Amino acid sequence: MREILRWPDPRLGTVCAPVSDVASVAGLVADMFETMYAAPGRGLAAPQVGALVRVFVMDAGWKSGEKTPLACLNPRIVAASDRLVTGEEACLSIPGVTAEVTRPDAITLAFTDPEGAAQVLELTGFAATCAQHELDHLDGLVHFDRLEPAARAALVADYEALA
Ligand code: NI
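None of the values given here were measured: they were computed from a predicted structure.

*Asks:* Before we go on, may I ask you to explain the coordination of the nickel ion in this structure?
*Replies:* The expected angle between donors at a tetrahedral four-coordinate metal is 109.5 degrees. At an octahedral six-coordinate metal it is 90 or 180 degrees. Looking at the nickel ion, one finds its protein donor set to be C91 (SG), H133 (NE2) and H137 (NE2), positioned 2.1 to 2.3 Å from the metal centre. Linear spacing of the donor residues for the nickel ion on their chain is C-x41-H-x3-H. In this pair, H133 and H137 are both assigned in helix α2 (residues 125–138), four residues apart and thus about one turn of the helix distant. By the burial criterion, H133 is buried, and H137 matches it.

See below:
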């Protein structure tokens, strides 16, 4: 289990480095799954546990009874739908506040899996939203950073009031 950093820890604003040696992140990936399920959450990016590498884990289905663990190394979006959806997003690093974020409804995600194999997945609905949220973390972005300035300021104030 790893400690989950709270926004605005500066590590959450860092652009993470690509993984060059897949074996070197095996322990990190295992710890991240354990930490994510315990939180409990449906997605966790490496910088949220202080590891500044391009890795995230997610499981869009487990809270509704279907375990679908997915670990992505060096993920990138290679296609995105024109159709956008707005959904409520929570973040384990920003507990107590959710943000309404608009993103493509479907994406094609390319990544390396924990065994080192290249993968391409079509994701839609919540899984697409979750993957985009986690990928943002690897670029130093949180859901607040996807909001208009006034909405962002209001939610940041809500969050600070909880601290
Ligand atoms: Ni998050």
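*Asks:* Before we go on, may I ask you to explain the pattern of salt bridges in this structure?
*Replies:* Two side chains carrying opposite charge are able to pair once their charged atoms lie near each other. Taken as a whole, this structure holds eight salt bridges when the rule is applied. Note that R103 is salt-bridged to E89, the shortest N-O span being 2.7 Å. Of this pair, R103 sits in strand β5 (residues 99–104) while E89 sits in strand β4 (residues 84–89), and the two are 14 residues apart along the sequence. Among the ionic pairs, R152 bridges to D145, the shortest N-O distance being 2.7 Å. For D145, a relative accessible area of 32% corresponds to the partly exposed category. Sharing partners across several salt bridges, the network here consists of E89, R103, D136 and R146.

*Asks:* Sorry if this is basic, but what is going on with the side chain of T108 here?
*Replies:* Following the sequence through the fold, T108 ends up in strand β6 (residues 106–112). Of the residues examined, T108 reaches a relative accessible area of 11% and is grouped as buried. For T108, the side chain forms a polar contact with the side chain of E122, separated by 3.0 Å. T108 has contacts with R76, I77, V78, A79, V120, L121 and E122, leaving out every residue within four places of it along the chain.

*Asks:* Before we go on, may I ask you to explain the pairing of β6 in this structure?
*Replies:* Each regular strand shows side chains that alternate between the opposite faces of the sheet. Burial within β6 is extensive, with five of its seven residues counted as buried. Pairing between strand β3 (residues 70–80) and β6: five bridges, direction antiparallel. Counted as the bridge partner of I77 is L109 from β6. Taken together, the seven bridges between β6 and strand β7 (residues 118–124) define a ladder with antiparallel strand orientation. Across the sheet, A106 pairs through a bridge with T124, a residue of β7. Between β6 and β7, which pair antiparallel one after the other, the connecting turn spans five residues, and G116 there sits at a positive phi close to 95 degrees.

Here is what the cut-offs are and how they apply
Residues numbered from 1 in each chain as written. Predicted model: local features only at pLDDT ≥ 70, side-chain atom pairs only at ≥ 80, totals over all residues. Heavy atoms only, no water. Donors = N, O, S within 2.8 Å, 3.2 Å for Na, K, Ca; no water. Helix = DSSP H or I, 4+ residues; strand = E, 2+ residues; numbered from the N terminus. Buried < 20%, exposed > 50% of the residue type's maximum accessible area, 1.4 Å probe, protein only. Salt bridge = Lys/Arg side-chain N within 4 Å of Asp/Glu carboxyl O. Polar contact = N/O pair within 3.5 Å; in protein donor to acceptor, adjacent residues only side chain to side chain. Contact = heavy atoms within 4.5 Å. Pairing = 2+ DSSP bridges.

Function-wise, these values are silent; they only describe arrangement.
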